[in-house]
Amino acid sequence: MLKNKAFEGALETIKGIVGKEHFYDSYEERLCYSYDATLEEAIPDAIVFPGSAEEIALIMKTANEYKMPVIPRGAGTGLSGGSVPVKNGLVLNLCRLNRILEINQKDYYAVVESGVITQTLNDAVAKLGLMYPPDPSSMKTSTIGGNVAENAGGLRGLKYGVTKDYVMGMEVVTPTGEILKTGTRTVKTATGYNMTQLFTGSEGTLGIIVNIVLKLIPAPEHKESVLAIFKDMNQAAQTVADIIAAGVMPATLEFLDNTTINAVEDYKHIGLPRDAGAVLLIETDGVKEAAVKEIGRVEEICKKNEALNLRKAETEDERENLWQARRAALSALARVRPTTILEDATVPRSRIPDMVRGVNEIAKKYNIRIGNFGHAGDGNLHPTILTDERDKEEFARVEKAVEEIFDLALSLGGTISGEHGIGSAKARFMPKEVGEVGIRAMYAVKKALDPNNILNPGKMFV
Ligand SMILES: Cc1cc2nc3c(=O)[nH]c(=O)nc-3n(C[C@H](O)[C@H](O)[C@H](O)COP(=O)(O)OP(=O)(O)OC[C@H]3O[C@@H](n4cnc5c(N)ncnc54)[C@H](O)[C@@H]3O)c2cc1C
């Protein structure tokens, strides 16, 4: 695809701002930045790698002059098309901003640049006996900036919450090129609008997050993990609802269905039971006595729901092996057929059994294959449709099934996205959840901050 001639002047100026070594515009380079993990594709005119907030501010001022789209990009692992340049323009890659600026052990916070890889922060604070709880399965690759922009969740979400619960403040470059500081380093603040939460989950449409103040907590002293094997998926889903209803709060409560178990086994050979209808991976943590007591209660509930087998991890290696199985779920399913459509519809946790049953019925109705796994403890399932988009007839059935999955989640009091965001992939469904007034209010905020609609256009709003 040819570059847009109208942006030539802007791109020359921007190359001058960052230096030519931090600016890519060959066809091959543009192709490399034309997708995210959805594999949706659109080619940018160029890619820039700024090294500071001041450079980003100058880039945004130039882009505004030429009304050129700018698309912030972290690691490109997004699952809703967020960093795909659907209106072309300039991809602004934040990977050079990758320093941990401070870890404050007295006041329990860290200050990081947005391009820091999530796992890097996790490892750095763990060495000090601290924990940064949000742990998306992509954490070895995704950036903190991308996590904040998507309000990413993770395996520990049930007990510890998601990214938004740990963002205390940030430095943001606005779409018009001003540098804004939000939030504080204090536990509490009641000063003005909560701008920090406005930018959290804004999917790169309201500002470019440059650095972030993140809450830390003391790491738990002890962990207990168990794999519970069930003949039937409904029994597993009921167990999840019963554990929550019993007042037990595991750190993680994840589930894999039979299709996912087999895909993971084919890929990783971990030793999961191929004939199980579903497995639950459960971890309790905290003070040793409490974690042991809680896992005991969990085991009782699993047995009451006729678990076929309970396998406890006795060593750290065994524990890591169990979590490997869960983290590999999406990659494993993605190997089964040429096209993978992963959804993240989320329901109130007590409605998990209804959601699981409903998704199975939708799969039968449209004669398609759906693997199901997810953060069952917080109601966030990942029905994953295994298909081939080149088969037009099958794909038409898949599109109907996707819409029915969203309708089902909403009818159960849920949401169309628990953690992956709206991006371009789900924009047309957003009015179903927030209504026309909701869309108008959100767009008014967007317009106030980005009058020329240059920051990540084509996302969230159709
Ligand atoms: C195998 C796999 C497993 C995954 N598991 C999970 C999971 O468990 N939980 C979960 O929540 N997600 C998961 N994801 C999705 C994805 O990893 C997350 O959405 C992650 O937060 C994206 O981070 P990123 O750095 O790759 O951002 P990108 O994909 O590059 O960008 C995502 C969005 O954020 C915006 N953005 C990025 N950086 C900035 C910034 N500094 N300022 C403003 N906007 C910015 C982009 O414009 C885009 O809209 C998974 C993805 C894969 C491929």
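Thresholds, definitions, all that
Residues numbered from 1 in each chain as written. Predicted model: local features only at pLDDT ≥ 70, side-chain atom pairs only at ≥ 80, totals over all residues. Heavy atoms only, no water. Pairing = 2+ DSSP bridges. Helix = DSSP H or I, 4+ residues; strand = E, 2+ residues; numbered from the N terminus. Axes fitted to C-alpha atoms, helices over the stretch in contact; angles between N-to-C directions. Contact = heavy atoms within 4.5 Å. Phe/Tyr/Trp six-rings, centres within 6.5 Å; stacked < 30°, edge-to-face > 60°. Lys NZ or Arg CZ within 6 Å of the ring centre and 35° of its normal. Buried < 20%, exposed > 50% of the residue type's maximum accessible area, 1.4 Å probe, protein only. Domains from an automatic or database assignment. Buried area = accessible area lost by both parts, 1.4 Å probe. Salt bridge = Lys/Arg side-chain N within 4 Å of Asp/Glu carboxyl O. Polar contact = N/O pair within 3.5 Å; in protein donor to acceptor, adjacent residues only side chain to side chain. Nonpolar A, V, L, I, M, F, W, Y, C, P; charged D, E, K, R; others polar. Near = heavy atom within 4 Å. Areas by Shrake-Rupley, 256 points an atom, 1.4 Å probe, with all protein chains shown as cover.

Chemist: I'd love a proper account of the sheet that holds strand S13 (residues 252-257), names of residues and values included.
Modeler: A sheet is described by the order of its strands in space; here 7 strands give the open sequence S15-S12-S14-S13-S17-S18-S16, paired in antiparallel fashion. The sheet terminates laterally at strand S15 (309-312) and strand S16 (339-342), the two strands that pair on one side only. Within the sheet, the average angular offset between the axes of one strand and its neighbour, ignoring direction, is 20°. In this structure, S13 lies alongside strand S17 (residues 369-375), joined through 2 bridges in antiparallel fashion. Each residue of the ladder has a partner; that of Leu 256, found in S17, is Phe 373. Most of the contacts of helix H8 (residues 233-245) go to strand S14 (residues 278-286), to which it runs at about 20°, and overall it touches strand S12 (222-230), S13 and S14.

Chemist: Quick one: what's the story with the packing of aromatic side chains, residue by residue and with numbers?
Modeler: Under the counting rule described, the total for this entry stands at 5 aromatic pairs. Note on Tyr 132 and Tyr 166: the rings are 6.1 Å apart at their centroids and 80° apart in plane angle, and the pair reads as edge-to-face. Taken as a pair, Tyr 132 in the loop between strand S7 (130-131) and helix H5 (144-150) and Tyr 166 in the loop between helix H6 (157-160) and strand S8 (167-173) lie far apart in primary sequence, 34 residues in all. An aromatic cluster of at least three residues, connected via ring pairs, comprises Tyr 24, Tyr 33 and Phe 49. Looking at Arg 73, its charged tip hangs above the ring of Tyr 35, at a distance of 5.9 Å from the centre.

Chemist: Outline the pairing of strand S6 (residues 109-113), supporting the account with residue identities and numerical values.
Modeler: When you tally the buried positions in S6, you get 5 out of 5 residues, the bulk of the element. Taking every second residue as pointing to the same face, both faces of S6 are buried, with Tyr 109, Val 111 and Glu 113 on one and Ala 110 and Val 112 on the other. Across 4 bridges, strand S5 (residues 100-104) lies against S6 in antiparallel orientation. Each bridged residue has a counterpart across the sheet, and for Ile 100 the counterpart in S6 is Val 112. The antiparallel pairing of S5 with S6 creates a hairpin that spans 4 residues between the two strands, and Tyr 108 there sits at a positive phi of about 55°. As defined by bridge partners, S6 adjoins strand S10 (residues 208-215) across 5 bridges and the pair is classed as antiparallel. Pairing of Glu 113 across the sheet is with Asn 211, part of S10.

Chemist: Tell me about the domain arrangement of the protein chain, and name the residues and values.
Modeler: Taken domain by domain, the protein chain consists of domain 1 (5-93), domain 2 (100-218) and domain 3 (221-334). With both sides pooled, the region where domain 1 packs onto domain 2 buries about 1200 Å², and carbon together with sulfur makes up 69% of that total. Across the contact surface, domain 1 and domain 2 share 0 salt bridges. Viewed at the interface, domain 2 and domain 1 are joined by 2 residue pairs in polar contact (both at pLDDT 80 or more). Of all the elements, helix H3 (residues 53-66) adds the most residues to the side of domain 1 that touches domain 2, at 7 residues. The class makeup of the residues in the side of domain 1 that touches domain 2 is 7 nonpolar, 5 polar and 2 charged.

Chemist: With reference to specific residues and values, describe the sheet that holds strand S4 (residues 90-93).
Modeler: One open sheet holds the 4 strands; their spatial order is S1-S2-S4-S3, and the pairing between them is mixed. Here the strands that pair on one side only, and so sit at the sheet edges, are strand S1 (23-24) and strand S3 (70-73). Where S3 lies against S4, 4 bridges are found, and the strand directions are parallel. Bridge assignment links Ile 71 to a residue of S4, and that residue is Val 91. Across the sheet, H3 lies against strand S2 (46-48), S3 and S4, angled at about 170° from S4, the strand it touches most.

Chemist: So what's going on with the site of the ligand? Residues and values would help.
Modeler: Close contacts around the ligand come from 35 residues, with Pro 72, Gly 74, Thr 77, Ser 138 and Thr 143 the closest. The contact in question runs from an oxygen atom of the ligand to an N or O atom on the backbone of Pro 72, over 2.6 Å. Note that an oxygen atom of the ligand is positioned 2.8 Å from one of the backbone N or O atoms of Gly 74. Alone, the ligand offers 980 Å² of accessible surface; in the complex the protein occludes 95% of this. Listing elements by their share of the shell around the ligand, those giving two or more residues are S3, H5 and S10. Taken together, the residues of the shell around the ligand sort by class into 11 nonpolar, 20 polar and 4 charged. No fewer than three residues from each of domain 1 (5-93) and domain 2 (100-218) sit in the shell around the ligand.

Chemist: Requested: an account of the side chain of His 222, with residues and values cited.
Modeler: Topologically, His 222 is positioned in strand S12. Here Glu 224 takes part through its side chain, which lies 2.8 Å from a polar atom of the side chain of His 222. With near-sequence residues (within four places) excluded, His 222 lies in contact with Thr 284, Asp 285, Gly 286, Lys 288, Ala 291 and Val 292.

Chemist: Account for the pairing of S10, naming residues and giving values.
Modeler: Of all 8 residues making up S10, 7 are buried, and the element is well covered by its neighbours. In this structure, S8 lies alongside S10, joined through 6 bridges in antiparallel fashion. Note on S10: the bridge partner recorded for Glu 171 is Asn 211.

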